[in-house]
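One-letter residues, chain by chain:
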Amino acid sequence: MPWSILELLRSNPDALREALRRRQIDVSFVDEALSLDVYWRKLQAEINELRHQHNVISSSIAKASGEEKARLLEEAKGLRQRLVEAEKELEDVERRRLQALWRLPNIVLDDVPVGGEEATVPIRFWGRPKVYKEFVESFRAQTDRYGFKVDYDLIDWKPVGHADMLENVLRLGDTVKAGEVAGSRFYYLFEDLVWLDLALLLYAVDRLTAKGYQLVLPPYMLRYAVINGVIDLSTFQDAIYKVEGEDLYLIATAEHPLAALYYNEEIYDDELPKKLVGISPAFRKEAGAANKDLKGIFRVHQFHKIEQFIFSRPEDSKQLHEDIISNAEELFQGLGLPYRIVNIASGDLGACAVKKYDLEVWMPAQGKYREMVSASNCTDWQAYRLNIRLVRRKGMERGEYVHTLNSTGIASTRTITAILENFQEPDGTVVIPKVLRKYLEPFERAPKDFIRPRPKRPA
RNA sequence: GCCGGGGUGGCCGAGCGGUCCAAGGCGACGGGCUCGAGACCCGUUACCCGAAAGGGUGCGUGGGUUCAAAUCCCACCCCCGGCGCCA
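Residues numbered from 1 in each chain as written. Chains lettered and ligands numbered in written order. Predicted model: local features only at pLDDT ≥ 70, side-chain atom pairs only at ≥ 80, totals over all residues. Heavy atoms only, no water.

1. Observations concerning helix α12 (residues 317-335)
The condition that has to hold: Helix and strand labels come from DSSP, where a helix needs a run of H or I of at least four residues and a strand needs a run of E of at least two; each type is numbered from the N terminus. A helix is expected to span 1.5 Å for every residue after the first. To sort residues, take the accessible area from a 1.4 Å probe on protein chains only and compare it with the maximum for the residue type: under 20% means buried, over 50% means exposed, and anything in between is partly exposed.
For α12, spanning 19 residues, the distance from its first C-alpha to its last is 27 Å, which sits close to the expected 27 Å at 1.5 Å a residue. Taken as a whole, α12 has its buried residues at Ser 317, Leu 320, His 321, Ile 324, Ile 325, Asn 327, Ala 328, Glu 329, Leu 331, Phe 332 and Leu 335. Positive phi appears at Gly 336, one or two residues downstream of α12, with a value of about 80°.

Spelled out as structure tokens, the structure:
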């Protein structure tokens, strides 16, 4: 049996309906897909019969001659006519069936909290957040309320927000000029912050490759058929830029080209898991973001990202999901940024994922935990769409699809905002995390321990 | 971008309108032989529908001609060589 979702659709549609209910999606998608699948199978059987008759006649024409041949030709032509009609319908049904199947989201694991955004729950905390006195109540609402007791440092001065730090304190960024020349959500970064961006990327690449992840620099654009295999429709609409006049789309994360690395291929189970770390820019339209986070570089159209990606055997994906989120945690622990891990509620899961963890860092100037990392287990949802089959070496059994998992390692600009707020001193100086020193050391002009406010913008 | 050559199953490679439901080889898998391994022998090794029998589809992708297309025509994509341009 093939794709797990198709298997469920045929054998236990109620389980699929339940998954859609949990995601707060219209359950009728299941019925539509089911009836199209049934009809498609029936129609295909009928057409196969017609084709068979046609094939029999066709091949006898080669041996026939004279009147017999003329008669067979007539008969074959007649059958052809009927087939053309029927095949037109099959094509139509096939297209609609596929569309319906591709609209189906993945199932939802049982340990995912059911509900909308508000149902998302923290499952663990790390670090000692700096909490400004006026944010204590809000802090409690994000910690105590869920039954966690998180130690914090009370501070009586209000840290400057990351956007102001960037533009008005450090003066190492210019989103106004970028807005003028490229539009909102673009930015110029200068000097120390550029070094910081590079150092963060190198840090994540170094740590992850040390764990055996293979370093990959992937294509930054993909064809429609490929990128459509990796993402759901809403991501496509909200995030993806298209290159005009070409069948090319800018990636929103290295996850997309990494998933596509085995497009239309078979992978033997004894080669799994394949663990990759990708480095790439991420281009995002942010079409659904409305006016959220317009200031600064928290939510931008373009940033750098180190991405973890795994192809796995189906039986290993749950454990590997825990592994990649803990890899990300190690990176943030190294940076010293206090965070919590949340188990994303069913209504907020992307269609591809059966479960998703976010890592959210405490932002002292906002009084909120904000998303820095997202780690998803997509099981066979992407692999089915990209046609990446699993072959079991023992007995050479086919028919399954590999599982895919992805997680941010470090997203540069977001992590920079977290550093600007968390390691800010009252005088505006930013203390650079010690783990980054190694990646700044080789460069003469790179900052090593501090980023200091500047009187005016460089360049 | 232009000119020429080419894209066949996991890989190599034959076929160039009907006997192709794609030869042959390699690899992989299953079995035999063996104390075991190798060699050797037999078999399996694309996808879809079907409980099965069986049938259908598949030769880069999409169209077209034909009763019949891997084989002929058109468009596009990709690879190789040459020329041009260029970080």
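2. What about the confidence of the model for chain A?
Basically, it comes down to this: The score called pLDDT rates the predictor's confidence residue by residue, from a low of 0 to a high of 100.
Chain-level statistics for chain A give a pLDDT mean of 92 and a share of 99% at 70 or above. Both scores are available for the predicted complex, with the pTM at 0.93 and the ipTM at 0.89.

3. Here we look at the protein's contact with RNA strand B
How we decide: Nearness is judged by heavy atoms alone; a residue qualifies as near a molecule or strand once a single heavy atom is within 4 Å of it. In protein, a polar contact requires one atom able to donate a hydrogen and another able to accept it; more generally it is a pair of N or O atoms within 3.5 Å, and residues adjacent in sequence count only if both atoms are side-chain atoms. Throughout this entry, Asp, Glu, Lys and Arg are counted as charged residues, while Ala, Val, Leu, Ile, Met, Phe, Trp, Tyr, Cys and Pro are counted as nonpolar. The remaining residues, Gly among them, count as polar.
With respect to spatial proximity, 21 residues lie near RNA strand B, and among them Arg 41, Gln 44, Asn 48, His 52 and Lys 77 are the closest. At a separation of 2.7 Å, a sugar or linking oxygen of RNA strand B approaches a polar side-chain atom of Gln 44. With respect to RNA strand B, the side chain of Arg 223 contributes an N or O atom lying 2.9 Å from a sugar or linking oxygen. Those elements giving two or more residues to the surface near RNA strand B turn out to be α3 (28-61) and α4 (66-103). Tallying contributions element by element places α3 first for the surface near RNA strand B, with 10 residues. Along the lines of polarity and charge, the residues of the surface near RNA strand B split into 6 nonpolar, 7 polar and 8 charged.

4. Structural notes on the layout of surface pockets
Put simply, the test is: The method works on a 1 Å grid over the protein atoms by themselves. A cavity is a set of points holding a 1.4 Å probe that cannot get out, a pocket is an open set with protein on both sides within 12 Å along at least five of seven lines, and residues with an atom within 4 Å of a point line them. Grid points are joined across faces, edges and corners, and a volume is the space filled by probe spheres set on the points.
Computed from the structure, the second largest pocket encloses a volume of approximately 260 Å³. For the second largest pocket, the lining is made up of 19 residues, of which Ser 4, Pro 314, Thr 379, Asp 380 and His 403 are closest to its centre. Those elements that place two or more of their residues in the lining of the second largest pocket are α1 (4-11), α12 and β16 (397-401). In terms of residue count, the dominant contributor to the lining of the second largest pocket is α1 (4 residues). Across the lining of the second largest pocket, the residue classes break down as 9 nonpolar, 6 polar and 4 charged.

5. As for the sheet that holds β16
This is how it is decided: Only strands joined by at least two bridges in the DSSP assignment are considered to pair. To get an axis, a line is fitted to the C-alpha atoms, and for a helix only the part in contact is used. The angle between two axes follows their N-to-C directions and goes from 0 to 180 degrees.
Taken in spatial order, the 3 strands line up as β9-β15-β16 in an open sheet, and their pairing is mixed. Of all the strands in the sheet, just β9 (266-268) and β16 have a single pairing partner and so form its edges. Between one strand axis and the next, the sheet turns through 35° on average, direction left out of account. Sheet analysis places strand β15 (residues 389-392) next to β16, joined by 3 bridges and oriented antiparallel. Looking at β16, one finds that Arg 389 is bridged to Tyr 401.

6. So, the pairing of strand β10 (residues 274-283)
Most of β10 sits out of view: 8 of its 10 residues are buried. Of the strand pairs in this sheet, strand β6 (residues 214-216) and β10 are connected by 3 bridges, and their pairing is parallel. The residue bridging Leu 215 from the neighbouring strand is Val 277, located in β10. Relative to strand β11 (residues 302-312), β10 is paired through 10 bridges, and the arrangement is antiparallel. Along β11, the bridge assignment pairs Lys 275 with Ile 310.

7. Some details on the pattern of salt bridges
Which entries qualify depends on this criterion: Note on definitions: salt bridges are taken to be side-chain nitrogens of Lys or Arg within 4 Å of carboxyl oxygens of Asp or Glu.
Under the counting rule described, the total for this entry stands at 39 salt bridges. For Arg 95, the salt bridge identified is with Asp 92, shortest N-O distance 3.2 Å. One end of the pair, Arg 95, and the other, Asp 92, are both in helix α4, 3 residues apart, so they sit about a helical turn from each other. Among the residues examined, Asp 92 registers a relative accessible area of 27% and is labelled partly exposed. Note that Arg 393 and Asp 270 form a salt bridge whose closest N and O atoms lie 2.9 Å from each other.

8. Considerations on the packing of aromatic side chains
Operational definition: Classification of ring pairs uses Phe, Tyr and Trp, with its six-membered ring standing for Trp, and accepts pairs whose centres are within 6.5 Å; under 30 degrees between planes counts as stacked, over 60 as edge-to-face, and the remaining range as tilted. Should the NZ of a Lys or the CZ of an Arg lie within 6 Å of a ring centre and within 35 degrees of the ring normal, that charge is described as sitting over the ring.
In this structure the tally under the stated criterion is 17 aromatic pairs. Considering the side-chain rings of Tyr 132 and Phe 135, the 5.8 Å spacing of their centres and the 75° angle between planes classify their relative orientation as edge-to-face. Judged by centre distance (5.0 Å) and plane angle (80°), the rings of Phe 139 and Trp 362 are edge-to-face. Here Phe 139, found in helix α5 (residues 136-142), pairs with Trp 362, found in strand β13 (residues 355-363); they are 223 residues apart in sequence, far enough to count as distant. Of the two residues, Phe 139 and Trp 362, both sit in the buried class. Within the aromatic cluster, the residues linked to one another by ring pairs are Phe 125, Phe 139, Phe 148, Tyr 152, Trp 362 and Tyr 369. The positively charged end of Arg 393 is found above the aromatic ring belonging to Tyr 268, 4.0 Å away from the centroid. The side chain of Arg 414 reaches across the aromatic face of Phe 298, ending 3.9 Å from its centre.

9. So, helix α8 (residues 191-210)
Here α8 spans 28 Å end to end across 20 residues, near enough to the 28 Å set by a 1.5 Å rise per residue. Inspection of α8 places Asp 192, Leu 193, Leu 196, Asp 197, Ala 199, Leu 200, Leu 201, Tyr 203, Ala 204, Val 205 and Leu 208 among the buried residues, and these make up the whole buried set.

10. Let's talk about the environment of Asn 291
Its location among the elements puts Asn 291 in the loop between β10 and β11. By relative accessible area, which is 64% here, Asn 291 ends up exposed. Taking C-alpha positions, Asn 291 is 19 Å from Tyr 369, a pair spaced 78 residues apart along the chain.

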